[in-house]
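Chain by chain, the residues:
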Amino acid sequence: MLNALEVFTTVVVGLMVGVEFSVAFFINRILDALPEDSGQLGRAHGGRMLGALMPFWYIGSLVLSAVWAVAGWHRPGAGLVVVAGALLIVSVIMSVLLLVPINNRGRTWTPENRPADWKQQMNRWDRYHYVRVAVIVAAFTLLVTALT
């Protein structure tokens, strides 16, 4: 049963990493290259869609990692899982303090109501997101290493 938990947790975190990596390095670049207001509208829609899903994914990943750490405390690699969980906590804190406030504003913007500095705010979100992606990639790497 523990093996199934380990694999399931690793897959869940890995998929989250893949989505966030894709947003950081592909989706937002594609949206930014669209003509006129299309990119801003796409970011707003993405903020609404992923903003509704990602809190559950981040918290779920953290809970799964915590359960793995507790259930597998006697096994090699438990320390790696604990550190991965700590990194996932950092990613949740970063999200709540840095990314979510910008996302909550940006998901309501339209070409008619967006602030003059909307691009600067999106660039700030992107920078924070790159750091968060690095944190969750590190957590995922530790979980994969703990499997072996």
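Residues numbered from 1 in each chain as written. Predicted model: local features only at pLDDT ≥ 70, side-chain atom pairs only at ≥ 80, totals over all residues. Heavy atoms only, no water.

Draft legend 1. Spotlight on the packing of aromatic side chains. If you walk through the whole model with that rule in mind, you get 3 aromatic pairs. Ring geometry for phenylalanine 21 and phenylalanine 25: centres 4.7 Å apart, planes at 40°, overall tilted. Taken together, the residues phenylalanine 21 and phenylalanine 25, both in helix H1 (residues 2-33) and 4 residues apart, mark about one turn of the helix. Since its relative accessible area comes to 31%, phenylalanine 25 is described here as partly exposed. Grouping aromatic residues by their ring pairs yields a cluster made of Phe21, Phe25, Phe26 and Tyr130. (Phe/Tyr/Trp six-rings, centres within 6.5 Å; stacked < 30°, edge-to-face > 60°. Helix = DSSP H or I, 4+ residues; strand = E, 2+ residues; numbered from the N terminus. Buried < 20%, exposed > 50% of the residue type's maximum accessible area, 1.4 Å probe, protein only.)

Draft legend 2. Summary view of the environment of lysine 119. With respect to the helices and strands, lysine 119 occurs in helix H4 (residues 118-147). As a C-alpha pair, lysine 119 and glutamine 40 span 79 residues in sequence and 8.7 Å in three-dimensional space.

Draft legend 3. Structural context of the nonpolar core. Judged by nonpolar contacts, the single largest core of 22 residues is most densely connected at Met16, Tyr58, Trp68, Val81, Leu88, Ile136 and Leu143. When residues of this core are traced back to their parent elements, those giving at least two are H1, helix H2 (38-71), helix H3 (78-106) and H4. Counting residues per element, this core draws most heavily on H2, at 7 residues. Residues in contact with tyrosine 58, not counting those within four places in the same chain, are Met16, Glu20, Ser91, Val92, Ser95, Arg132 and Ile136. (Core = buried A, V, L, I, M, F, W, Y, C linked by side-chain atoms within 4.5 Å. Contact = heavy atoms within 4.5 Å.)

Just distances and angles here, no functional claims.
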